[in-house]
Amino acid sequence: RVAFIVDVSFSSREKTREGLTICPVSIILPIDTIKISNEYEGVPVRVIASSAFAYNKDIQSVIIPDSVKNIGQNAFYGCTNLTSIVILDGVNNIEKSAFTGCTNITSITFPDSVISIGGDAFSGCSNLTSIAISENVTSIGENAFNKTGYYNNNINWENDVLYIGSYLIVANTS
């Protein structure tokens, strides 16, 4: 089952000069794959609003198009059955706690367009063991990858320091 968000799942939308923001409302039908449309009624979809899909237990897969520039705070918070995230090149910012507690995600690849990953963005994603961060990222918030499978694996730590690629994630000072 695939849902095209603005067509099936959302009755609340906010138009801005920059484009369309998908606002949080309840999803009525069980949906396991979410493919967000590039535009709605000729207006580009630019933002996934804060808490738009939070705690939805039906979502297993999400595809975020290149029109979206910002994934809002807590957008997919606690979506424990989410296993697959495809973020197309175009997204610039992943806000705080956007995917916190999505315990079944195993890998994430950030496209070159991502420049900022907010604090706790993937915190508590306990099965997230494969993380590929583009060299274009200029900001990674505190605890962005705390308690992920990658974080919890001692093999990834060297002298109490955790890196993902060339990015220093945390250094234990105790």
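As a reminder, the structure under discussion sits directly above these lines.
Residues numbered from 1 in each chain as written. Predicted model: local features only at pLDDT ≥ 70, side-chain atom pairs only at ≥ 80, totals over all residues. Heavy atoms only, no water.

### Considering the overall build of the chain
Then, number 1: On a plain count of helices and strands, the chain comes out with two helices and 17 strands.
Then, number 2: Taken over 174 residues, the chain has a buried fraction of 47%.
Then, number 3: Within the chain, counting contacts between residues at least 6 apart in sequence, those at least 24 apart form 37% of the total.
Then, number 4: Summed over its atoms, the accessible surface of the chain is roughly 8,400 Å², and 45% of this surface lies on carbon and sulfur atoms. (Helix = DSSP H or I, 4+ residues; strand = E, 2+ residues; numbered from the N terminus. Buried < 20%, exposed > 50% of the residue type's maximum accessible area, 1.4 Å probe, protein only. Contact = heavy atoms within 4.5 Å. Areas by Shrake-Rupley, 256 points an atom, 1.4 Å probe, with all protein chains shown as cover.)

### Overview of the nonpolar core
Then, number 1: In this structure, Ile 64, Ile 71, Phe 76, Ile 94, Phe 99 and Phe 122 are the most contacted members of the largest nonpolar core, which totals 41 residues.
Then, number 2: Listed by contribution, the elements that provide at least two residues to this core are strand E6 (43–48), strand E7 (61–64), strand E9 (84–87) and strand E16 (161–164).
Then, number 3: Leaving out residues up to four positions away in the same chain, Ile 64 has contacts with Ile 36, Ile 48, Ile 71, Phe 76, Val 86, Ile 87, Leu 88, Val 91 and Phe 99. (Core = buried A, V, L, I, M, F, W, Y, C linked by side-chain atoms within 4.5 Å.)

### Remarks on unusual backbone geometry
Then, number 1: One non-glycine residue, Ser 51, adopts positive backbone phi at about 60°.
Then, number 2: Within the fold, Ser 51 resides in the loop between E6 and E7.
Then, number 3: The partly exposed category is assigned to Ser 51, whose relative accessible area is 32%.
Then, number 4: Phi at Asp 120 is positive, roughly 60°, even though this residue is not glycine.
Then, number 5: Note that Asp 120 resides in the loop between strand E12 (116–117) and strand E13 (130–132).

### As for the pairing of strand E17 (residues 167–171)
Then, number 1: Where E16 lies against E17, four bridges are found, and the strand directions are antiparallel. Each residue of the ladder has a partner; that of Leu 162, found in E17, is Val 170. (Pairing = 2+ DSSP bridges.)

### So, the pairing of E7
Each regular strand displays side chains that alternate between the two surfaces of the sheet.
Then, number 1: Relative to E7, strand E4 (residues 33–35) runs parallel, the two being bridged by three bridges. Its bridge partner lying in E7, Lys 35 is registered against Ile 63.
Then, number 2: In the sheet, E7 pairs with E9 via four bridges, with the strands oriented parallel. By the bridge assignment, Ser 61 is partnered in E9 with Ser 84.

### Looking at the sheet that holds E17
Then, number 1: As summarised here, the arrangement of the three strands in space is E15-E16-E17, forming an open sheet in which the pairing is antiparallel. For this open sheet the edge positions go to strand E15 (157–158) and E17, each flanked by a neighbour on one side alone.
Then, number 2: Relative to E16, E15 is paired through two bridges, and the arrangement is antiparallel. Opposite Glu 158, over in E16, you have Val 161 as the bridge partner.

### Topic: the packing of aromatic side chains
Then, number 1: Summed over all chains, the structure comprises eight aromatic pairs.
Then, number 2: Arranged with centres 6.3 Å apart and planes meeting at 75°, the rings of Phe 110 and Phe 145 form a pair that is edge-to-face. Placement of the pair is Phe 110 in the loop between strand E11 (107–109) and E12 and Phe 145 in the loop between strand E14 (139–140) and helix H2 (149–152), with a sequence separation of 35 residues. Phe 145 matches Phe 110 in its accessibility class, with the two residues each being buried. (Phe/Tyr/Trp six-rings, centres within 6.5 Å; stacked < 30°, edge-to-face > 60°.)

### Here we look at the pattern of salt bridges
Should the charged atoms of two oppositely charged side chains come close, the side chains can pair.
Then, number 1: Across all of its chains, the model carries one salt bridge by this definition.
Then, number 2: Among the salt bridges present, the one from Lys 96 reaches Asp 120, with a minimum N-O distance of 3.7 Å. On the criterion of sequence distance, the pair formed by Lys 96 in the loop between strand E10 (93–94) and E11 and Asp 120 in the loop between E12 and E13 is long-range, its members being 24 residues apart.
Then, number 3: Overall, the relative accessible area of 41% leaves Lys 96 in the partly exposed class. (Salt bridge = Lys/Arg side-chain N within 4 Å of Asp/Glu carboxyl O.)

### As for the environment of Ile 108
Then, number 1: For Ile 108, the location among the structural elements is in strand E11.
Then, number 2: The class for Ile 108 is buried, based on a relative accessible area of 2%.
Then, number 3: Remark: the alpha-carbon pair of Ile 108 and Thr 129, spanning 21 residues in sequence, is separated by 8.7 Å.
Then, number 4: Ile 108 has contacts with Ile 85, Ile 87, Phe 122, Leu 128, Ser 130, Ile 131 and Ala 132, leaving out every residue within four places of it along the chain.

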